[in-house]
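# Notes for the structure review
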Amino acid sequence: MTENQRGIYVDWLRNQNTTQYNIPGVVRFPDLDPRRLAAAVEKVIAAHKAFRIRFVEKDGEIVQEVGNGERGTVEVIELDREPDADFFASQVRPFAPSDSSLVRIKIFQSSTSTSHFNSYLFLDIHHTVFDGVSMGVFLNELMLVLDGGEPQGEEYALTDAAVDEEKYLKGPECAEDEKWFERYLDGVESTRIDPSVGAAASVGAASLPREEKDVSSITGGRDASATRDASATRDASAALACGRVVRKLAGAGITAFCKDHGVSPSDYLLTAFTELLKRIGRSEDVLINFVSAGRTDPSVAGTIGMFVKTLPIRGVKDAKTFAEAASKLHLDVLDLLDRSRVSYARLSELFGVRPDILFAYEGGIFELPHGASLIEVPLDTPKAPLSVVVNPGPDDFKITFEYDRALYSAADMERLASMFVTLAEGCGRIGEAEKVGESESLPLLRDIPLVSSEEAEKILALSYGGDLEYDATKTFVNMFHANVITRSFATAVVDSECSLTYGELDERSNALSAALVERGVVAGDFVAVKLPRTVDFIVAVLAV
């Protein structure tokens, strides 16, 4: 096994009743003989070892084993109606670690009239042996065979990569890469968006420590504990519903900006997303995870297997402009890709990184001739508490926020998605202004709005209250003291940790005020107060 396979395998053992590691796909072929399609699929399957991999126990350790070279038979099933996405979603079922095959491929045929019919190629493959690029490799070779060619196959298989990785893990380069990550990740923790109000009932149970099946003895040991964080917010006994919010993002400004500044659209959008997290989290240091194809080595470009890499990445600190932030993040991505042979499970074990937020840039990996079209099959189980998936199109970007409904509400995710689109489009408009020579008047990165001007007006309107009659000769402190006298035991202030009565608040603020006087503070001095939204903030304000 590769270390990434091992990490997925361990988490799979804990969540066997979910489809979080299934990779489904459906391609519709109009008027294509299903038997011809089945024969072409069988040819491609025979050319790639990954389709015959299974996991077995040898000498107390789980290893991958490639079955014999016999060609599998693809089943053709006739339907009396046109299947939809829900039909195909019902065909996606969990795999068991003991299954002899981690691949399900079927062809469904439906007739729309006496002269026309559709053939639907359905794939459901486990992520331990397959990834998104593999889907592209498979479909490209399938189209080649349908056009009369032969599958290209592969000289370097997933099993070869596992052997080479074992050599890397035992060599000095791995130790050097781990040292680099130690420096890169120093002083930062994985960023997580707080759960939505109303989702706490299931969050509390999922977040508590629980007994877990000990799987380290059969998976090679060292990375078994490293994937515990991956499932720390999931209940292994049941699949959690996956919510989705989809937005479209105009592409023209982004494409022009990337061309002018030498960064990729992935760099651009990843920079915008980390900036959004910095803003809403009120923190300059953000750490999330991005997904890479893991195919920097040309020898695996046409190989089917699980090569995708998850890597932790920090948001850029102290950048004044978006161009500066995107250029710096681009260099960080290159450095991370150079060291991507260190598995995420290993990084989790060594440095405590967690897959709370994932960012994935997908698309552009295969073409579909023969009038074929893809049908999206959404899974019902989230791969992470929050994932942002970007699919580029000819004129725009499709942004999908996939989230765990046990943690987040649809309203909160709708708001997050809207803020991301507003920020990302605002950064693109800055790039357009730079091209026409207006850079001197450009706003700083921190000043690019998260909401539209219309939304800003609505938010400001919430602060417009009616006129209240009050004694203008009394100060805030006068009014507070009046409540201390008449309502000493009533609750005055509450935060998430504790509450104080008016009497307790008066006592604590008087004590702090006396301490300030002892340190030389006199009437008219400025006293800075920088505290989170806790009772201590109110204590400090009253003391001053």
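Our subject is the structure listed above.
Description of the structure in this document. (Residues numbered from 1 in each chain as written. Predicted model: local features only at pLDDT ≥ 70, side-chain atom pairs only at ≥ 80, totals over all residues. Heavy atoms only, no water.)

Within the chain, the regular secondary structure consists of 17 helices and 15 strands. In the chain, buried positions account for 47% of the 544 residues. Considering only intrachain contacts with a sequence separation of at least 6, the fraction spanning at least 24 residues in the chain is 76%. For the chain, the exposed area adds up to about 27,400 Å²; of that, 52% sits on carbon and sulfur atoms. (Helix = DSSP H or I, 4+ residues; strand = E, 2+ residues; numbered from the N terminus. Buried < 20%, exposed > 50% of the residue type's maximum accessible area, 1.4 Å probe, protein only. Contact = heavy atoms within 4.5 Å. Areas by Shrake-Rupley, 256 points an atom, 1.4 Å probe, with all protein chains shown as cover.)

The next thing to look at is the pattern of salt bridges. Under the defined criterion, the tally for this structure stands at 24 salt bridges. For Arg-6, the salt bridge is made with Glu-3, and the minimal N-O distance between the two is 3.3 Å. With Arg-6 and Glu-3 both in helix α1 (residues 3–14), this residue pair falls three residues apart, about one helical turn. For the pair formed by Arg-6 and Glu-3, the shared burial category is buried. For Glu-150, the salt bridge identified is with Lys-43, shortest N-O distance 2.9 Å. Residue Glu-150 is located in the loop between α4 (132–146) and α5 (158–169), and its partner Lys-43 is located in helix α2 (residues 34–46); the two are separated by 107 residues in the primary sequence. Among the charged side chains, a salt-bridge network with shared partners connects Glu-275, Lys-278, Arg-279 and Glu-284. (Salt bridge = Lys/Arg side-chain N within 4 Å of Asp/Glu carboxyl O.)

Below, the discussion takes up the sheet that holds strand β5 (residues 103–111). Strand order across the open sheet formed by five strands is β4-β5-β6-β1-β11, with mixed pairing between neighbours. Two strands lie at the open edges of the sheet, namely β4 (75–79) and β11 (373–375), each paired on one side alone. Between one strand axis and the next, the sheet turns by 25 degrees as a mean value, whatever way the strands run. Bridge analysis of β5 against strand β6 (residues 117–126) gives nine bridges, and the strand direction is antiparallel. Looking at β6, one finds that Ser-110 is bridged to Asn-118. Sheet strands in contact with α2 are β1 (22–30), β4, β5 and β6, and its direction is about 165 degrees off that of β5. (Pairing = 2+ DSSP bridges. Axes fitted to C-alpha atoms, helices over the stretch in contact; angles between N-to-C directions.)

Before going further, it helps to spend a moment on the environment of Glu-154. Its location among the elements puts Glu-154 in the loop between α4 and α5. Glu-154 sits 149 residues away from Thr-303 along the chain, and the two C-alpha atoms are 5.6 Å apart. Ignoring anything within four residues of it in the chain, the contact list for Glu-154 reads Ala-47, His-48, Lys-49, Gly-302, Thr-303 and Ile-304. Here His-48 takes part through its side chain, which lies 2.7 Å from a polar atom of the side chain of Glu-154. Of the polar contacts made by the side chain of Glu-154, one reaches the backbone nitrogen of Lys-49; its length is 3.4 Å. (Polar contact = N/O pair within 3.5 Å; in protein donor to acceptor, adjacent residues only side chain to side chain.)

A separate point is the nonpolar core. Core analysis: the biggest nonpolar cluster contains 65 residues, and Leu-269, Phe-273, Leu-386 and Phe-401 have the highest contact counts within it. Here the element with the most residues in this core is helix α13 (residues 410–435); it accounts for nine residues. Each residue touching Phe-401, except ones within four places of it in the same chain, is listed here: Gly-243, Arg-244, Val-245, Phe-273, Leu-386, Ser-387, Val-388, Leu-416, Ala-417 and Phe-420. Counting residues in hydrophobic clusters, the runner-up holds 50 residues, among them Phe-29, Phe-55, Leu-123 and Val-300. (Core = buried A, V, L, I, M, F, W, Y, C linked by side-chain atoms within 4.5 Å.)

The subject of this paragraph is the pairing of strand β3 (residues 61–66). As defined by bridge partners, strand β2 (residues 53–58) adjoins β3 across six bridges and the pair is classed as antiparallel. Within β3, the position partnered with Ile-53 by the bridge is Val-66.

Along helix α9 (residues 252–261), the residues that are buried comprise Gly-253, Ile-254, Phe-257 and Cys-258. Seen along its axis, α9 keeps its buried residues to an arc of 130 degrees; they face one direction. Seen from the open side of α9, the exposed residues pointing more than 90 degrees away from its buried face are Ala-252 and Lys-259. The positive-phi residue at the C-terminal boundary of α9 is Gly-262, with phi of around 70 degrees. (Arc of directions from axis to C-beta.)

Here the focus is the sheet that holds strand β8 (residues 287–292). Across the sheet, six strands lie side by side as β7-β13-β12-β10-β8-β9; this open sheet has mixed pairing. A strand with exactly one partner marks an edge of an open sheet, and here the two such strands are β7 (242–250) and β9 (309–314). Direction aside, the axes of adjacent strands within the sheet are offset by 25 degrees on average. Where β7 meets strand β13 (residues 396–404), nine bridges bridge the pair, whose relative direction is antiparallel. Among the inter-strand pairings, Gly-243 is bridged to a residue of β13, identified as Tyr-403.

With that settled, the discussion passes to helix α17 (residues 535–543). Within α17, burial applies to Val-535, Val-539, Ala-540, Leu-542 and Ala-543. Seen from one end, α17 has its buried residues packed into an arc of 165 degrees, which puts them on one side.

Counting buried positions along β9 gives five out of six residues, so the element sits mostly inside the fold. Where β8 lies against β9, six bridges are found, and the strand directions are antiparallel. In the strand pairing of β9, Ile-288 is matched with Ile-313.

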